[in-house]
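Here is how the chains run, residue by residue.
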Amino acid sequence: MVKSISVLGCTGSIGRQTIAVAEHIGMPVAALTANRKIDLLEEQARRLHPKFVAVYDEQAAKQFKIAVADTDIQVGSGIEGLIRAATMEETDCVVTAVSGAVGLKPTLAAIDGKKRIALANKETLVCAGDIVMARAAEKGAEIVPVDSEHSAIFQCLMGREKGELRKILLTGSGGPFRGKARAELEDVTPEQAVKHPNWSMGAKISVDSATMMNKGLEFVEAMHLFGVTPDDIQVVIHPQSVIHSMVELVDGTVIAQLGVPDMGLPIQLALTYPQRCPSMFSRLDFTTLQSLSFEAPDYEKTPCLKLAMDCARMGGTAPCVMSAANEVAVGLFLRHQLGYNRIYDAAASAVEKVGVVQNPDLETILAADAAARAYVLENFSK
Ligand code: MG
């Protein structure tokens, strides 16, 4: 079990749930970082007494510093602030719950400092999986996934040799529009898209779950985390979200991890691993579970999933370009500036037009990320 954590992105959905878990299990919080929601950040900081708080936005950081001037909390800003929060001596686990490529540099810095990474930022592995995993192996830093599917796979593989795994069965609920044809989704509103049947999540990831881009990003994430190829991962639709993912072993045995769909569970395990402790979450009651069902994904109805799997095979900067383009497109959609079906169009078009660089270094990845964002803003915003 780690002794003290830094939470990067503490005002988002995962950040807030991490803080709730930390308070429940009595885990000290050494540092917090947020982008610009300083009211909530101040409330959290006064309650948790971290040594250091970073506000990414410079202007908001100045306001925050004034707001907590009566405390001894140290305040930083920008990417340097995030890196300091990720590398402080007081912390031995960094929860990376920021969204977007901004998480990359702090995560690498934390790895260099041999911190445990409780990984909740998908872009870190989607954009720079090769670099991050190689660096973690070199430095001996642990990466414990927070995403429920990857936490499930991680748990199914605990104590197993690499050669025992035959394939990963990555489950997904299919989201709120499961089974609907693309033509039926033309007029979907942000309000409809963010209503996930099982999970309570932030707006961006809820839209990604509706388009199934989320499952596609998780596909890429799983490849890197578990050192497998695209052929070793099968996506299975499981609408009830009771099984959080499974592994098939070489002898045909399948091991699944089950639980209530609550992100608090994988968050808690990422902090207490390799130990477990009692949690505040509700329990599965098998006598009231009516059925668990499974189906194959329909790639025509979920082209974002297919695109992500294609990008995983392309490798290089393809997943990064796709992910960055998707993030901007989802932002436009949430502001009613882009139609629902155009999210896929924007991501696919960016991969084609921005182009793919193989074996990129970190700067090339960040440049590809920026190029994809600019491309979508220029060609897809109304
Ligand atoms: Mg997930």
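Keep in mind that what you see is a predicted model, and the values were worked out from it rather than measured.

Quick notes on the rules
- As a convention, each chain's residues are numbered from 1 in the sequence order in which they are written.
- Owing to the predicted nature of the model, reporting of local features is limited to residues with pLDDT of at least 70; listing and counting of side-chain atom pairs is limited to 80 or more, with chain, interface and lining totals taken over all residues.
- Heavy atoms from the whole structure form the basis of all side-chain values; hydrogens and water molecules are not counted.
- Think of a 1 Å grid over the protein atoms and nothing else: a 1.4 Å probe that fits but is trapped marks a cavity, an open set flanked by protein within 12 Å on at least five of seven lines marks a pocket, and residues with an atom within 4 Å of a point count as lining.
- Grid points are joined across faces, edges and corners, and a volume is the space filled by probe spheres set on the points.
- Secondary structure counts use DSSP, requiring at least four H or I residues in a row for a helix and at least two E residues in a row for a strand, with both numbered from the N terminus.
- For two strands to be treated as a pair, DSSP must find no fewer than two bridges joining them.
- In this analysis, axes come from line fits to C-alpha atoms, helices being fitted only over the stretch in contact, and the angle between any two N-to-C directions falls in the range 0 to 180 degrees.
- Contacts were defined at the residue level, with two residues in contact if any of their heavy atoms lie within 4.5 Å.
- Helix span, as expected, comes to 1.5 Å for every residue beyond the first.
- The rule is simple: take the accessible area with a 1.4 Å probe, protein chains only, and divide by the maximum for that residue type; under 20% is buried, over 50% is exposed, in between is partly exposed.
- The working definition used for a salt bridge is a side-chain nitrogen of Lys or Arg within 4 Å of a carboxyl oxygen of Asp or Glu.

Draft legend 1. Quick look at the layout of surface pockets. Taken as a whole, the second largest pocket spans an internal volume of roughly 410 Å³. Looking at the second largest pocket, it is lined by 18 residues, and the ones nearest its centre are M133, F154, L157, L225 and F226. At the level of secondary structure, the elements contributing two or more residues to the lining of the second largest pocket comprise α6 (122-139), β7 (143-145) and α10 (213-226).

Draft legend 2. Focus on the sheet that holds strand β1 (residues 5-8). What the 7 strands build is an open sheet, ordered β4-β3-β2-β1-β5-β6-β7; its pairing is parallel. A single partner strand is all that each edge strand has here, and the edge strands are β4 (74-77) and β7. Between one strand and the next, the sheet's axes are offset by a mean angle of 15 degrees, whatever the strand orientation. Here 3 bridges tie strand β6 (residues 116-119) to β7, and the two strands are oriented parallel to one another. Across the sheet, the residue bridging to A118 is V144, located in β7. Helix α1 (residues 13-25) contacts β1, β2 (29-34) and β5 (93-96) of the sheet and is inclined by roughly 160 degrees relative to β1. With respect to the sheet, helix α2 (residues 38-48) is in contact with β2 and β3 (52-55), its orientation differing from that of β2 by roughly 175 degrees.

Draft legend 3. Fine view of helix α12 (residues 303-314). With 12 residues, α12 should reach 16 Å at 1.5 Å per residue; the first-to-last C-alpha distance of 16 Å fits that figure. Listing the buried residues of α12 in full gives P303, C304, L305, L307, A308, M309, C311 and A312. Residues of α12 that are buried make contact with α9 (203-211), α10, β9 (233-237), α13 (318-334) and α14 (342-354).

Draft legend 4. Highlighting the pattern of salt bridges. This structure, assessed with the given rule, holds 24 salt bridges. Of the charged contacts, one joins D112 and R135 as a salt bridge, the two residues approaching to 2.8 Å between their closest N and O atoms. In this pair, D112 sits in helix α5 (residues 104-112) while R135 sits in helix α6, placing the two residues 23 residues apart along the sequence. Classification of D112 as partly exposed rests on a relative accessible area of 34%.

Draft legend 5. Summary view of the environment of I117. By the element assignment, I117 lies in strand β6. Judged by its relative accessible area of 0%, I117 is buried. With 257 residues separating them in the primary sequence, I117 and A374 have C-alpha atoms 30 Å apart. Excluding residues within four positions of it along the chain, I117 makes contact with V94, T96, T107, A110, I111, E142, I143 and V144.

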